[in-house]
Amino acid sequence: MNGWVGFLSSFLASAVEVVEAVTLVLAAGVTRGWRSVWIGVVAAGVVLAVLVGVFGVGLLAVIPIQALRIVIGTLLLVFGLQWLRKAIMRYTGLKGLHDEAAIYEREVATLNQAPSAATGMDWTSFTVAFKGVLLEGLEVVFIVITFGLSSHDMLSPTLGALAAAVVVTVVAFAVHEPLSRVPENTLKFVVGLMLTAFGTFWAGEGVGLDWPGADWAILGLLIFYAVIAAGLIVALRGRTAPASGKAVGNA
Amino acid sequence: MKYITGFFAFWYDFIVGDAWEVAAGVIVGLVLLGLAAPTSSLMHDYGALLLPLLIGAVLAYSLWRVRGTA
């Protein structure tokens, strides 16, 4: 009976963390391509495996999770906010919607000149995937260790966490195909919202804020930022002349 | 040398990009909240509400700045 309690507790707690990691991986993969994202996921998995292998249950005392939350949260927050800002600029005409066409032309020209660039790394998507999987993976490991130590049974929480990872990943793959048909600026807008919400949550936790509702606060942040962004689009739309199409930065 | 320059260029582009005020606003806000949260009970209780408002204000200011120069 205790084994099932450990399994279920670990499954539910880990599922929340895995959903967060898979959301970031999916967001980066659908918007920027999968190759570098998978490399980031595998790299984070290797780092996690090495950490768990070397430190075992002593990991709780070794990893400064608070410092990690501040660094990773702040980076995601700044990056997400920039994506959100650019998506709003495209919606309101402050930045040309046809930038993608211009970027595509430029990329094709670059690829024609240097074919090897096609196999190059996209460090942005690598970084987003790596950081997301590493931080959430560490949190899953901490959940397993905490449940395992308190129930003197490491196997059930470990199986619960693994089951959560499998279930969430299968569901994510099922929705990945329909997601790739969503217009690019809409995707970037939603991804910007998600990165901003996750980044705010982690960075806030890192600097010592207590979020009401714990991890559910991410959903509240997502809704709050969506309302703010929609308000900004309405306020700015019509007050700006259509953009000339010149690129303002990348992404 | 090329790789070192490329490394820093990547992180500069990742963090600052073309909107320095976004990175600056977020970092200054987090530092202030981080300093205030442990010492002020008001900040400890309401900091979680203040942070998203601050981020929203940074976003609005940044877009307003672009609109002014468009």
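Cut-offs and rules
The numbers attached to residues start from 1 for each chain and follow its sequence in the written order. Throughout, the order in which chains and ligands are written sets their labels, letters from A for the former and numbers from 1 for the latter. Reporting of local features is limited, given that this is a predicted model, to residues whose pLDDT is at least 70; pairs of side-chain atoms are given and counted only at 80 or more, and all residues count toward the totals for whole chains, interfaces and linings. Put simply, DSSP marks the helices as runs of H or I at least four residues long and the strands as runs of E at least two long, and each gets a number from the N terminus on. Whether a residue is buried, exposed or partly exposed is read from the other C-beta atoms within 10 Å of its own C-beta, which are placed from the backbone; 20 or more gives buried, 12 or fewer gives exposed, and intermediate counts give partly exposed. Residues are defined as contacting one another if the C-beta atoms placed from their backbone atoms lie within 7 Å. Polarity classes work like this: nonpolar for Ala, Val, Leu, Ile, Met, Phe, Trp, Tyr, Cys and Pro, charged for Asp, Glu, Lys and Arg, and polar for all others, with Gly in that last group. Buried Ala, Val, Leu, Ile, Met, Phe, Trp, Tyr and Cys residues whose C-beta atoms connect them within 7 Å together make up a nonpolar core. Helix axes are fitted only over the stretch in contact, all axes being lines through C-alpha atoms; the angle between N-to-C directions runs from 0 to 180 degrees. Crossings are assigned a handedness: left-handed for a near helix turned anticlockwise from the far helix by less than a right angle, right-handed for a clockwise turn. The pLDDT value tells you how sure the predictor is about a given residue, anywhere from 0 up to 100. Should an angle fall under 35 degrees it is called roughly parallel, over 145 degrees roughly antiparallel, and 65 to 115 degrees roughly perpendicular, with every other angle called oblique. Multiply 1.5 Å by the residue count of a helix minus one, and that product is the helix's expected span.

**Focus on the overall build of chain B**
Okay, so step 1: On a plain count of helices and strands, chain B comes out with 3 helices and 0 strands.
Okay, so step 2: Counting helices and strands in the order they occur from the N terminus, chain B gives α-α-α.
Okay, so step 3: For chain B, with 70 residues in total, the buried portion stands at 29%.

**Here's the deal with the interface of chain A and chain B**
Okay, so step 1: Taken residue by residue, the interface counts 35 residues in chain A and 28 residues in chain B.
Okay, so step 2: When contributions to the side of chain A that touches chain B are tallied by element, the ones reaching two or more residues are α4 (65-92), α6 (123-151), α8 (184-206) and α9 (217-236) of chain A.
Okay, so step 3: Per-class residue counts for the side of chain A that touches chain B are 22 nonpolar, 10 polar and 3 charged.

**What about unusual backbone geometry?**
Okay, so step 1: One non-glycine residue, Ala214(A), lies in positive phi territory at about 50 degrees.
Okay, so step 2: Its location among the elements puts Ala214(A) in the loop between α8 and α9.

**Regarding the nonpolar core**
Okay, so step 1: Within the largest apolar cluster, 82 residues are counted, with the highest numbers of intra-cluster contacts made by Val25(A), Leu84(A), Ala129(A), Phe198(A) and Val26(B).
Okay, so step 2: By residue number, the principal contributor to this core is α4(A), which donates 14 residues.
Okay, so step 3: For Val25(A), the contacting residues outside a window of four places in its chain are Val37(A), Val41(A), Ala129(A), Gly132(A) and Val133(A).

**Re the environment of Val62(A)**
All names here are of chain A.
Okay, so step 1: Along the chain, the position of Val62 falls in helix α3 (residues 59-62).
Okay, so step 2: Taking the number of C-beta atoms within 10 Å as the measure of exposure, Val62 has 11 and is therefore exposed.
Okay, so step 3: Along the chain, Val62 and Leu51 lie 11 residues apart, while their C-alpha atoms are 9.6 Å from each other.

**Considering the packing of α4(A) against α9(A)**
All names here are of chain A.
Okay, so step 1: One way to put it is that α4 packs onto α9 with a least axis distance of 9 Å and a crossing angle of 35 degrees. When the axes of α4 and α9 are compared, the crossing they make is right-handed. Within the contact between the two elements, α4 uses Leu84, Ile88, Tyr91 and Thr92 and α9 uses Ala229, Leu232, Ile233 and Leu236.
Okay, so step 2: For the contact of α4 with α9, the class distribution of residues is 7 nonpolar, 1 polar and no charged.

**Overview of the confidence of the model for chain B**
Fine structural detail should not be taken from predicted coordinates in areas where pLDDT scores are low.
Residue and element names in this part refer to chain B.
Okay, so step 1: In the predicted model, chain B carries a mean pLDDT of 84, and the fraction of residues at 70 or more is 93%.
Okay, so step 2: Mean pLDDT per element in chain B: helix α1 (residues 2-15) is the minimum at 73, and helix α2 (residues 20-36) is the maximum at 91.
Okay, so step 3: At the level of chain-chain contacts, confidence expressed as ipTM amounts to 0.89, with global pTM at 0.68.

**Description of the packing of α8(A) against α9(A)**
All names here are of chain A.
Okay, so step 1: Where α8 meets α9, the closest approach of the two axes is 9 Å, and the angle between their N-to-C directions is 130 degrees. Here α8 is positioned oblique relative to α9, judged by the angle of their axes. Along this stretch, α8 crosses α9, giving a crossing that reads as right-handed. Contacts from Leu193, Met194, Thr196, Ala197, Phe198, Thr200 and Phe201 in α8 reach Ala217, Ile218, Leu221, Leu222, Tyr225, Ala226 and Ala229 in α9.
Okay, so step 2: Taken together, the residues that form the contact of α8 with α9 break down as 12 nonpolar, 2 polar and no charged.

**Section: the environment of Val47(A)**
All names here are of chain A.
Okay, so step 1: Relative to the elements of secondary structure, Val47 occurs in helix α2 (residues 35-55).
Okay, so step 2: Using a count of 15 C-beta atoms within 10 Å as the deciding quantity, one classes Val47 as partly exposed.
Okay, so step 3: The spatial distance from the C-alpha of Val47 to the C-alpha of Gly137 is 10.0 Å, given a sequence separation of 90 residues.

**Points about α4(A)**
Residue and element names in this part refer to chain A.
Okay, so step 1: Compared with an ideal rise of 1.5 Å per residue, which puts 28 residues at 40 Å, α4 spans 39 Å between its outermost C-alpha atoms and is within 8% of the ideal.
Okay, so step 2: For α4, a buried count of 23 out of 28 residues is recorded, marking the element as mostly surrounded by other parts of the structure.
Okay, so step 3: A positive backbone phi angle near 85 degrees is found at Gly93, which sits one or two residues after α4.

**With respect to the confidence of the model for chain A**
Residues and elements named next belong to chain A.
Okay, so step 1: Put simply, chain A has an average pLDDT of 79, and 82% of its residues get 70 or more.
Okay, so step 2: When pLDDT is averaged over each element of chain A, α9 comes out on top at 93 and helix α5 (residues 99-113) at the bottom at 49.
Okay, so step 3: In the model, residues 114-118 has pLDDT below 50 throughout and makes 3 contacts with residues more than four positions away in sequence or in other chains.
Okay, so step 4: Within the model, pLDDT remains below 50 along residues 243-251, and this stretch shows 20 contacts once partners closer than five positions in the same chain are excluded.

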